[in-house]
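# Structure assessment
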Amino acid sequence: MIHAMVDIEALGKGDNALVVSAALVAFSPDNAAAVAPFVAVFDPLVVNVRLQSALDHGAQVDGSTLRFWMEQDDAARKALFVDALDESTALARIREWWQASFAEAIWGHGVNFDLRLLGAAFRRHGQRAPWHYRQERDTRTLFDLVNFCCGAEVEKACWAKGTKADATKHIALNDAQRQAVAVQAAYTALIEGDLGQP
């Protein structure tokens, strides 16, 4: 079973927020052997977007998110501008990657951010996202289920497995890999029946 994890970095939170960076990694959610270190089953994709090209297509930036980015690590900020593409080209690369990956599902960290903003970017270009809405998955719901069934300590352990000491936060690829490993650990906890006390 192949799933995809997406992580985006954006310059806003609204429906038309400018997606400046996106990373997609393919992984097997039920492969406990692949939990650490991260093992991709298909080459990851990272695309950065030229800001003006996104603004020209109706993307929006908000001041509070710009302030957030001013307070982040230099490496995270610099990563946003490496090999930036026009928004239409970036979206075409995402579509090509998705189709080539044969992923059965796509995960975002939260039901209403990464996938929603990518979907809005596709719509601004007169397209639908390449995945079907029934393929969308949400990590936060999964981790709530692990917490409910297995306890808070197991949920924390899932996240700990995905966290590398040297991985800068808010770099889309780092975050997508961390989230994929945490999903693998959560699946393992649920499959192996690490249910703790009721």
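The structure reproduced in this document is the subject of the present report. (Residues numbered from 1 in each chain as written. Predicted model: local features only at pLDDT ≥ 70, side-chain atom pairs only at ≥ 80, totals over all residues. Heavy atoms only, no water.)

### Section: the pattern of salt bridges
Evaluated as defined, the whole model comprises six salt bridges. A salt bridge links D15 to R116; its shortest N-O distance comes to 2.6 Å. Of this pair, D15 sits in the loop between β1 (3-10) and β2 (19-27) while R116 sits in helix α5 (residues 114-124), placing them 101 residues apart in sequence. Notably, a salt bridge pairs R67 with E71, separated by 3.3 Å at the nearest N-O pair. (Salt bridge = Lys/Arg side-chain N within 4 Å of Asp/Glu carboxyl O. Helix = DSSP H or I, 4+ residues; strand = E, 2+ residues; numbered from the N terminus.)

### Observations regarding the sheet that holds strand β5 (residues 136-138)
The strand order across the open sheet formed by five strands is β3-β2-β1-β4-β5, and the pairing between neighbours is mixed. The sheet terminates laterally at β3 (42-48) and β5, the two strands that pair on one side only. Strand-to-strand twist in this sheet, taken as the mean axis angle between neighbours without regard to direction, amounts to 25°. Bridging between β2 and β3 involves five bridges; their strand directions are antiparallel. By the bridge assignment for β3, A23 is matched with V46. (Pairing = 2+ DSSP bridges. Axes fitted to C-alpha atoms, helices over the stretch in contact; angles between N-to-C directions.)

### A closer look at helix α4 (residues 87-101)
The end-to-end C-alpha distance of α4 is 21 Å, a good match for the 21 Å that 15 residues give at a rise of 1.5 Å each. E87, A90, L91, I94, W97, W98 and S101 are the residues of α4 that are buried. Taken end-on, α4 shows its buried residues confined to a sector of 120°, consistent with a single buried face. Elements in contact with the buried residues of α4: β1, β2, β3, α1 (51-56), β4 (105-108) and α5. (Expected span 1.5 Å × (residues − 1). Buried < 20%, exposed > 50% of the residue type's maximum accessible area, 1.4 Å probe, protein only. Arc of directions from axis to C-beta. Contact = heavy atoms within 4.5 Å.)

### As for a nonpolar patch on the surface
On the surface, a cluster of nonpolar side chains totalling about 210 Å² of accessible area is made up of L55, V61 and L66. Under the relative-accessibility criterion, L66 is labelled partly exposed at 39%. (Patch = residues over 30% accessible without salt bridge, like charges linked within 9 Å, V, L, I, M, F, W, Y side chains within 5 Å. Areas by Shrake-Rupley, 256 points an atom, 1.4 Å probe, with all protein chains shown as cover.)

### Looking at unusual backbone geometry
The residue F102 is not glycine, and still its phi comes out positive at about 55°. Topologically, F102 is positioned in the loop between α4 and β4. Backbone geometry places H170, a non-glycine residue, at a positive phi of 70°. Residue placement: H170 occurs in the loop between α7 (152-162) and α8 (172-191).

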